[in-house]
Amino acid sequence: MPQPQVSLFLTTYNWPEALALVLQSISQQTTLPDEVIIADDGSGAATKKVIDQYRELLPFPLIHCWQEDNGYRINAVRNKAISQAKYSYIIQIDGDIILDKHFISDHLYFARKGRFIIGRRLQLSESDTEQFCDRKTYSTANTFRNKTVAVLHQKLLYNSKTVKGVRGCNLAFWKDDAIAINGYDEDMTSKGPNDKEFSARLVHAGVKAYNLKFYANAFHLYHGEEGLRNNYEHVNSVYQDTLTNRKIACKNGLTKIS
């Protein structure tokens, strides 16, 4: 299958130092994305400054998709990014994820119609994170990356109907599949199983989950788990309802269904 064109989007909120490192890692990809969309849940002027600086340096469109800071509305800004994406294949990361230089090419190697990719992340230490942010550059240790092992590992999980291990910081899917399930559920306004709920509906729609490990490596900058779980019980109940009733489309997503 010919490789699809890629819209890469990342979510961010008021951490411009991390965002600069992420954009730096995207610029060094062996296969560049066709566009990058920054899904911004209400950041201030410092974030816009970083985006404007990198827009002048990068050889692909860099789109700032911003919404007003009105609480934790990550699913709403994700839907905005999906709607704005010009290309058929979407790779989703977070604004605190440094990418291995082969990250995009690794994802594309495993891209197939009828599947979505669940990637992994490696946690960076607090001291490394502070150094990278202070120096405005990064280095990552040599990490195990092997296509054959990735394929063998995936075969152990291929028949799984669960979405264990899903993280929105390393996820890839077809735009048409996201549209078919009406995107992310905007009723989920807290940190919690938002990505799992989205992925569960993909599985219910017949899209196969492909668990990718030892390939498409990503490195997570350290930060505390502060706040933003005020509505966790409700968010988790939405996820549990999706599992119990095998829901496919949410009502408050890319389009609003009454």
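Placed above this text is the structure.
Residues numbered from 1 in each chain as written. Predicted model: local features only at pLDDT ≥ 70, side-chain atom pairs only at ≥ 80, totals over all residues. Heavy atoms only, no water.

Q: Just checking my understanding: could you explain the pattern of salt bridges for this structure?
A: Where charged atoms of side chains with opposite charge meet at close range, the side chains can pair. In this structure the tally under the stated criterion is six salt bridges. A salt bridge links Arg55 to Asp52, with the nearest nitrogen and oxygen atoms 2.8 Å apart. Taken as a pair, Arg55 and Asp52 lie in helix α2 (residues 45-55) at a separation of three residues, close to a single helical turn. Note that Glu186 is salt-bridged to Lys256, the shortest N-O span being 3.0 Å. Highlighted residues: Glu186 in the loop between α7 (175-180) and α8 (194-204) and Lys256 in the segment after α9 (232-245), separated in sequence by 70 residues. Judged by relative accessible area, Lys256 falls into the exposed class, the value being 51%. It is possible to trace a salt-bridge network through shared partners that takes in Lys48, Asp52 and Arg55. (Salt bridge = Lys/Arg side-chain N within 4 Å of Asp/Glu carboxyl O. Helix = DSSP H or I, 4+ residues; strand = E, 2+ residues; numbered from the N terminus. Buried < 20%, exposed > 50% of the residue type's maximum accessible area, 1.4 Å probe, protein only.)

Q: Can you walk me through the nonpolar core in this structure?
A: In a soluble, globular protein the nonpolar side chains are often hidden away together inside. Counting residues in hydrophobic clusters, the biggest one holds 35 residues, and the most contacted among them are Leu8, Leu10, Leu23, Ile26, Tyr89, Ile91 and Ile93. Only β1 (6-12), α1 (16-27), β2 (35-40), α2, β4 (89-94), β5 (97-99), α4 (103-109) and β8 (170-174) provide two or more residues apiece to this core. For this core, the element with the highest residue contribution is α1, accounting for five residues. Among residues more than four places away in sequence, those in contact with Leu10 are Leu19, Val22, Leu23, Ile26, Val36, Ile37, Ile38, Ala39, Ile93, Asp94 and Gly95. Core analysis: the next-biggest nonpolar cluster, separate from the first, contains 22 residues, Ala85, Ile118, Val166 and Ile181 among them. (Core = buried A, V, L, I, M, F, W, Y, C linked by side-chain atoms within 4.5 Å. Contact = heavy atoms within 4.5 Å.)

Q: Just to check I follow, could you spell out the sheet that holds β5 for this structure?
A: Either a parallel or an antiparallel arrangement is found when strands of a sheet pair, and the pairing is made through backbone hydrogen bonds. Taken in spatial order, the three strands line up as β5-β10-β7 in an open sheet, and their pairing is mixed. The open sheet is flanked by β5 and β7 (122-123), the only strands paired with a single partner. Strand direction decides the pairing type here: β5 and strand β10 (residues 218-220), joined by three bridges, are antiparallel. The residue of β10 that forms the bridge with Leu99 is Ala218. (Pairing = 2+ DSSP bridges.)

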